[in-house]
Amino acid sequence: MAVVAGWQGRFFEDFVVGDVYQHPLGRTITETDNTWFTLLTMNTNQAHFNAQVGAESEFGRMLVASPLTISIVMGQSVSDTSQNAFANLGIDELRLTAPVFAGDTLYAESLVLSARGSGSRPDAGIVGVRTRGLNQDGVEVLTFKRAFYVHRRDAPRAAAPFPQAAVPLSLENEQ
């Protein structure tokens, strides 16, 4: 019996300029998500939490707060891009290209723009990606460039800790 590691994310050596990662998890945004996010972030624009204001807007309904959309799309990209990163270096060219509403399902994909070894950190490299969010109809709702430091596979701090179980998981213990 073997212990098989789960997905560990990409390390610096895995990034190839021109590769596109279609991140696997879609996320449907609910009205509750939007309301809680506006409360948490103290966003007082009523277009995000007042149905009457939303209905009277040019969109005819409440908008999802754009920082929530940004957070979800960036979060969707982490498993494929920055799971092994230790620092974000910047976000550039952020564009909100279409409105997002409660009930929309967001998907994300990233294009690798650059990958170079770090001169000051031999255990890491700097990767640049363009990530975009799409709704359920394939309409782009946002796009941005992001750069981050990511560990090389053999970097001492790249190892993900996992506790040693007092009793191993095995078929013999299933009796």
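Quick caveat, the model's predicted, so the values are computed rather than measured.

Digging into the overall build of the chain
When you go through the chain residue by residue, the secondary structure sums to three helices and six strands. For the chain, the sequential pattern of α-helices and β-strands runs β-β-α-α-α-β-β-β-β. Principal-axis analysis of the C-alpha atoms places the extent of the chain at approximately 60 × 55 × 30 Å. By the burial criterion, 36% of the 175 residues in the chain qualify as buried.

Observations regarding the pattern of salt bridges
Across all of its chains, the model carries seven salt bridges by this definition. For Arg10, the salt bridge is made with Asp80, and the minimal N-O distance between the two is 3.1 Å. Of this pair, Arg10 sits in the segment before strand S1 (20-22) while Asp80 sits in the loop between helix H3 (66-78) and strand S3 (85-96); the two residues are 70 residues apart in sequence, bridging distant segments of the chain. The salt bridge involving Glu140 is made with Arg132; its shortest N-O contact spans 3.7 Å. Here Glu140 falls in the partly exposed class, since its relative accessible area comes to 25%.

Looking at the packing of aromatic side chains
Aromatic ring pairs are defined here through the distance separating the ring centres and the angle between the ring planes. Enumeration according to the criterion identifies four aromatic pairs in this entry. Relative to Tyr149, the ring of Phe86 lies with its centre 5.1 Å away and its plane at 15 degrees, an arrangement referred to as stacked. Pair noted here: Phe86 is in strand S3 and Tyr149 is in strand S6 (residues 140-151), with a separation of 63 residues, a long-range link. An aromatic cluster is present here, built from Phe15, Tyr21 and Phe148 joined pairwise through their rings. Positioned above the aromatic ring of Tyr21 is the side chain of Arg10, whose terminal nitrogen or guanidinium carbon lies 3.7 Å from the ring centre. Seen from the ring of Tyr149, Arg121 lies directly overhead, with NZ or CZ sitting 4.8 Å from the centre.

Describing empty space enclosed by the protein
Across all of its chains, the model carries one cavity of 30 Å³ or more by this definition. In this model, the largest cavity occupies a volume close to 30 Å³. If you trace the largest cavity, you find it lined by Glu31, Asn34, His48, Met62, Leu63, Val64 and Ala102. The residue inventory of the lining of the largest cavity, partitioned by class, reads four nonpolar, two polar and one charged.

The rules behind each value
- Residues numbered from 1 in each chain as written.
- Predicted model: local features only at pLDDT ≥ 70, side-chain atom pairs only at ≥ 80, totals over all residues.
- Heavy atoms only, no water.
- Helix = DSSP H or I, 4+ residues; strand = E, 2+ residues; numbered from the N terminus.
- Buried < 20%, exposed > 50% of the residue type's maximum accessible area, 1.4 Å probe, protein only.
- Salt bridge = Lys/Arg side-chain N within 4 Å of Asp/Glu carboxyl O.
- Phe/Tyr/Trp six-rings, centres within 6.5 Å; stacked < 30°, edge-to-face > 60°.
- Lys NZ or Arg CZ within 6 Å of the ring centre and 35° of its normal.
- 1 Å grid on protein atoms, 1.4 Å probe; cavity = no way out; pocket = protein on both sides within 12 Å on 5 of 7 lines; lining within 4 Å.
- Points joined across faces, edges and corners; volume = space filled by probe spheres on them.
- Nonpolar A, V, L, I, M, F, W, Y, C, P; charged D, E, K, R; others polar.

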